[in-house]
Amino acid sequence: MSGSSETITSLRGGAIAAIRSADLDRKTELAQESANRWFARTLSLRSPLDPPLADRPGRPEKPQLVPPKNMEKRSLHTLKGRIALLHAIAHIELNAVDLALDIVARFATGPVPNSFFDGWMQVAFEEAKHFRMVRARLRELGADYGDLPAHDGLWQAAHATRTDLTARLAVVPLILEARGLDVTPALQAKMRETGDLESAAILDVIYNDEKGHVAVGAKWFRFLCAREKRDPARTFQELVRANFRGSLKAPFNDIARAEAGLTPSFYRSLTSTSNA
């Protein structure tokens with residue numbers, strides 16, 4: 001990984017350089033190197049030399065981005081269907097790399113302790129690992145990231161909460177990442193049923209790491225609520241109603257969510273009927 005350090009001016013600078021990179025190998029390398037250097041305490045948090053934060057993350061020409069409703073559903077019992085699912089997961093993980101880096105870069109000037117950045121750089125490091133694992137599996141199956149269309153909903157959620165850290169934590173880790181805890185076990189089971197144990201094993205790594213990511217989100221969401229003397233569950237509901245389009249869909253993986261610090265009092269009242 002040597003050679004990429006020249007663009008890392010600080011933790012914030014490294015995060016911004018990674019977000020801006022349209023070369024996905026470079027993006028994940030910059031994310032992981034910035035994380036490692038931050039953990040080793042060889043980087044400052046920010047520097048006057050940091051590049052400006054981009055409105056959108058750097059992306060290659062493909063995949064084509066389409067509205068979520070235009071995404072085809074395919075059976076996991078076909079190779080095409082498994083490739084489509086893995087492609088969708090790769091896209092989610094790539095966005096998750098940029099979302100974790102964006103929280104660091106965007107709020108590096110905010111009144112939060114350094115341990116906040118420890119947590120989010122751990123998330124960024126692991127999301128980069130996930131993207132690489134899924135992309136490698138796609139290649140083993142004769143495909144690659146970019147072969148199929150993908151949707152842009154995740155980045156829109158980030159853009160909507162760009163000025164409010166508490167809202168960002170509510171929407172990204174506590175809704176979008178928590179959704180992964182709900183759906184991944186069933187996808188793992190289906191992958192095993194089809195005999196694709198390699199893909200199931202990758203989903204297992206992602207699932208276990210995502211519990212930690214939701215926990216990082218819940219920890220800092222509660223921290224900010226406590227500092228502002230706000231009730232966490234009520235604040236979550238208000239922020240979700242204000243910043244998230246659509247309703248939260250059951251079934252919920254209550255056990256995994258609770259292990260991550262996201263108890264049913266947060267999300268039960270937000271299911272299908274309450275966002276009308």
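Provided above is the structure to which this section pertains.
What you are looking at is a predicted structure, and each value in this text was computed from that prediction instead of being measured. (Residues numbered from 1 in each chain as written. Predicted model: local features only at pLDDT ≥ 70, side-chain atom pairs only at ≥ 80, totals over all residues. Heavy atoms only, no water.)

Caption draft 1: Highlighting the overall build of the chain. For the chain, the count of helices and strands is ten helices and two strands. Starting at the N terminus, the α and β elements of the chain follow one another as α-α-β-α-α-β-α-α-α-α-α-α. For the chain, the C-alpha radius of gyration of 18 Å lies close to 19 Å, the compact-globule estimate for 276 residues. Based on the C-alpha atoms only, the size of the chain along its principal axes is roughly 50 × 50 × 30 Å. Contacts in the chain between residues far apart in sequence, at least 24 positions, make up 80% of those at least 6 positions apart. Counting every atom, the chain has about 12500 Å² of accessible surface; 54% of that belongs to carbon and sulfur. (Helix = DSSP H or I, 4+ residues; strand = E, 2+ residues; numbered from the N terminus. Rg over C-alpha atoms; globule rule 2.2 N^0.38 Å. Contact = heavy atoms within 4.5 Å. Areas by Shrake-Rupley, 256 points an atom, 1.4 Å probe, with all protein chains shown as cover.)

Caption draft 2: Representation of helix α2 (residues 24–39) within the structure. Along its 16 residues, α2 runs 22 Å from first to last C-alpha, staying within 8% of the 22 Å computed at 1.5 Å per residue. Looking at the packing, one finds that the buried side of α2 touches α1 (11–20), α3 (79–106) and α4 (114–140). By the N-cap criterion, in which a side-chain oxygen at the helix start approaches the backbone nitrogen of a residue two or three places on, α2 is capped by Asp23, the distance to Asp25 being 3.0 Å. Looking one or two residues beyond α2, the residue adopting positive phi is Arg41, at roughly 60°. (Expected span 1.5 Å × (residues − 1). Polar contact = N/O pair within 3.5 Å; in protein donor to acceptor, adjacent residues only side chain to side chain.)

Caption draft 3: Structural detail: empty space enclosed by the protein. Per the stated rule, a full pass over the model turns up one cavity of 30 Å³ or more. The volume enclosed by the largest cavity comes to roughly 40 Å³. Lining the largest cavity are Asp55, Asp102, Arg106, Trp155, Ala158, His159, Arg162 and Arg168. The element contributing the most residues to the lining of the largest cavity is helix α5 (residues 153–160), with three residues. When grouped by side-chain class, the residues that make up the lining of the largest cavity number two nonpolar, one polar and five charged. (1 Å grid on protein atoms, 1.4 Å probe; cavity = no way out; pocket = protein on both sides within 12 Å on 5 of 7 lines; lining within 4 Å. Points joined across faces, edges and corners; volume = space filled by probe spheres on them. Nonpolar A, V, L, I, M, F, W, Y, C, P; charged D, E, K, R; others polar.)

Caption draft 4: View of the side chain of His130. Looking at the element boundaries, His130 is found in helix α4. For His130, the side chain forms a polar contact with the side chain of Asp209, separated by 2.7 Å.

Caption draft 5: Molecular detail of the nonpolar core. Core analysis: the biggest nonpolar cluster contains 60 residues, and Leu101, Phe117, Trp120, Phe221 and Phe236 have the highest contact counts within it. Among the elements of the structure, α1, α2, α3, α4, α6 (165–193), α7 (197–227), α8 (232–243) and α10 (264–267) are those that each provide at least two residues to this core. With nine residues, α6 is the single largest residue contributor to this core. Excluding residues that lie within four positions of it along the chain, Phe117 makes contacts with Leu11, Trp38, Leu45, Val104, Phe107, Ala108 and Val112. Among the nonpolar cores identified, the runner-up in size contains 22 residues, and Ala90, Leu94, Leu148 and Met191 belong to it. (Core = buried A, V, L, I, M, F, W, Y, C linked by side-chain atoms within 4.5 Å. Buried < 20%, exposed > 50% of the residue type's maximum accessible area, 1.4 Å probe, protein only.)

Caption draft 6: The arrangement of the packing of α7 against α8 in detail. The interhelical angle for the contact between α7 and α8, taken along N-to-C directions, is 105°, at an axis separation of 10 Å. Overall, the two elements α7 and α8 adopt an arrangement that is roughly perpendicular. Residues Phe221, Arg222 and Cys225 of α7 touch α8, and the partners they reach there are Pro232, Thr235, Phe236 and Leu239. Across the contact of α7 with α8, the residue classes break down as five nonpolar, one polar and one charged. (Axes fitted to C-alpha atoms, helices over the stretch in contact; angles between N-to-C directions. Parallel < 35°, antiparallel > 145°, perpendicular 65-115°, else oblique.)

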